[in-house]
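# Tertiary structure, described
For reference, the chains in residue letters:
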Amino acid sequence: MTSLNKNTKINGAKNKLTEIKLNARAVARGVAIGKVVCLHGRKRQFYRINLEDSQIEREVRRFRAAIRLAKRQLKKIATSDDGRNSKLSVFDAHLLILEDRSLHDKIEKNIVRQKVNAEWAVRVVTERYIATYKAIADEHLREKYIDLEDVADRILSALGGGGKSNLRLQKNSIIVAREVKPSTLIELTATNPKAIITENGGWTSHTFILAREMNLPAVTGLKGILRRVQTGDEVIVDGYHGNVIVNPTKESTAKFKVAAAQFQEHAASETAPIVDKLKTLDGYEIKVRANIDLPQGYTKAKRLGAKGIGLYRSEFLFNQFKGFPTEQEQLKEYRKIARLAGEDGVRIRTFDLSVEQLAEENLAKEINPALGLRAIRLVLTHKKEFRTQISALLQASFENQIDIVLPMVSDVLEILETKKLIESEKERLRRKKINFGNPRLGAMIEIPAAVLIADEIAREVDFFCLGTNDLVQYLLAVDRDNETVADWFRTLHPAVLRSLKIVLQAAERNNIPAVVCGEMAGSPVYVAILIGLGAQELSMNVNSISRVRYTISHIAYEEAKEITDALVKLPTADAVENFVRESFLAKWSHLFSHDILPHKK
């Protein structure tokens, strides 16, 4: 949990700001010093942009265009509704709000008088209305604020217009938000943010996986951080120890400036390419691959010894193109990543999206999106878009080493239905005389149902991808992005270890490869356990490759197996963690220090 350091110092003279020290949870290593930029918004994230006089008229026009687009979207949804009157009445209420001239006038006046971007003006004005509604005694009227929140979200989405965002950070910006969406972080990469501070999120959150890939220091768990800082505040982020210093003194800045410079120098450093096969001390060969979201990351991964791309998350194209990309857009991107990977190949996961990410179809919020219409379930209900992706993948695989991975598989029928779509698209391309390849088909094993039918799934696919992040989440019923239950997210829980063993053994029985591609694969401690369980392929964040290669080359498979044979018999996560700590220090104290091993319970 976050705490405010009691030794808060006054930075010199009376008019100087107070230095505030906060304790967070480190989720991406590194040190950065910069200026705060507060991000707001639930679905489409934004921050305050101060406009020049010459930009104001254009910004007002942009707001009016967004209102027109939002109205068209609502009317389209209403006319395509299945007759459920409750939904129609909601849309009518939303349309009335959108057509409220006084609301428009207040937002436009805010843009003009405050010289701010439309997103910020929408936030300021609607929050005033929402506060007024929440203060009303009548419960029915009070709950109208929910409609206003939904309309504000729709206007903000419409301001995006389906095109490129206007998110452009100043130099040395540090992002502060309740949470940062992966799509927002990708948009911001062009302007090189220095670090991330959030209220919510965990080590395995997609955003922080991406942050580690980008060498971006990040901390989380700072409740109410947006009330403690404002845009422009100077801040230091220590992603090694989870420390944040707001309004640092000259002494604090000088202390961390050296560490920040060393981190930047290390992040930019080049190493000689590694080409040797990776083996344990007793000759057990392990293949290391890279998890990639941004193609440019593979150049470094290959230099560090990665043999291909174990997981390319295609949903980041959805974020990049603000919706489902066209067949040609996908074809271009898949060919690019395949050519980078070369003969070592790339495994491309089909769109792993939730229904809430489909802007125009987000009619009702799912109560539990993690268990809702998402991943393979979603694309099988959106066959037109799925066929487009399959066609692009088939064409890109011609003369390229591309495999297809299906996310969140829970039933063999999902694989069989996908196979029919693949054959149908092959026949269509054949009739058009368009060249295509024959990519192998794999399944993500990341939910308990898939573990229990691993043998049946193995008979229908060419390989497994073990997604440990979601597997832990679903096995233990712990939301990986929920800070309040972070203590229950136990990667070394006996159920997790036994599930991994079941899947790896099923792959071996059915003579198919299995690559572990979750965050476990990037941790030197967990890697030793995975190898003992029988893993032969690991795919990880590019910045984990060097540490993992070093660990693998300095342990023996037989020793790792001896440890894991004992681990899978233990009854509790505490018992497993204690055994890992004691046995690792006894066998490999030269590799693992006390501070990176599980703490003694």
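Quick summary incoming for the structure in this document. Owing to the predicted nature of the structure, the values given are computational and were not obtained by experimental measurement. Along each chain, numbering runs from 1 in the same order as the chain's sequence is written. For a predicted model such as this one, the threshold for reporting local features is a pLDDT of at least 70, and the threshold for listing and counting side-chain atom pairs is 80 or more; totals across whole chains, interfaces and linings nevertheless cover every residue. To obtain the side-chain values, all non-hydrogen atoms of the structure were used and water was disregarded.

### Some thoughts on the overall build of the chain
Labels follow the DSSP assignment, with helices taken as runs of H or I lasting at least four residues and strands as runs of E lasting at least two, numbered in each case from the N terminus. When you go through the chain residue by residue, the secondary structure sums to 24 helices and 18 strands. With 601 residues in all, the chain has 53% of them scored as buried. What sets the accessible areas is the Shrake-Rupley method with a 1.4 Å probe; for residues, cover comes only from the shown protein chains. As displayed, the chain offers around 27900 Å² of accessible surface, 51% of which is attributable to carbon and sulfur atoms. Three exposure classes are used, based on accessible area relative to the maximum for each residue type with a 1.4 Å probe and protein chains only: buried under 20%, partly exposed in between, and exposed over 50%.

### Some thoughts on the side chain of threonine 564
Considering the arrangement of structural elements, one finds threonine 564 in helix H23 (residues 557–567). We call two residues in contact when some of their heavy atoms are within 4.5 Å. Apart from residues lying up to four places away in sequence, threonine 564 is in contact with Ile529, Gly532 and Leu533.

### Considering the nonpolar core
In this structure, Tyr334, Ile457, Phe464, Leu538 and Phe584 are the most contacted members of the largest nonpolar core, which totals 106 residues. If we skip the residues at most four places from it in the chain, tyrosine 334 touches Tyr312, Ser314, Leu317, Ile348, Phe351, Gln389, Ala392, Leu393, Ala396 and Ile402. Among buried residues, those of type Ala, Val, Leu, Ile, Met, Phe, Trp, Tyr and Cys that are joined through side-chain atoms within 4.5 Å constitute a nonpolar core. In terms of nonpolar packing, the next biggest core, distinct from the first, is built from 30 residues, Ile67, Val122, Ile155 and Leu156 among them.

### A look at the side chain of threonine 220
Within the fold, threonine 220 resides in strand S8 (residues 218–220). On the basis of relative accessibility, which here comes to 0%, the residue threonine 220 falls in the buried class. Among the polar contacts made by the side chain of threonine 220, one reaches the main-chain carbonyl oxygen of asparagine 200 at a distance of 3.2 Å. Setting aside its immediate chain neighbours within four residues, threonine 220 contacts Ala24, Arg25, Val27, Thr198, Glu199, Asn200, Gly201, Phe208 and Glu483. Counted as a polar contact is a pair of N or O atoms within 3.5 Å, where, for protein atoms, one must be capable of donating a hydrogen and the other of accepting one, and residues adjacent in sequence contribute only when both atoms are in side chains.

### A few points about the pattern of salt bridges
A pair is scored as a salt bridge if a Lys or Arg side-chain nitrogen falls within 4 Å of a carboxyl oxygen belonging to Asp or Glu. Tallying each qualifying case throughout the model produces 30 salt bridges. Glutamate 519 is paired through a salt bridge with arginine 212; the nearest N and O atoms lie 2.4 Å apart. Taken as a pair, glutamate 519 in the loop between strand S17 (514–516) and helix H21 (524–533) and arginine 212 in helix H8 (residues 206–213) lie far apart in primary sequence, 307 residues in all. Pair check on accessibility: glutamate 519 and arginine 212 agree, each one buried. Residue glutamate 417 pairs with lysine 383 through a salt bridge whose shortest N-O separation is 2.8 Å. Note that glutamate 417 is positioned in helix H16 (residues 412–431) and lysine 383 in helix H15 (residues 383–396), a separation of 34 residues in sequence.

Everything listed is a geometric property; what it means functionally is a separate question.
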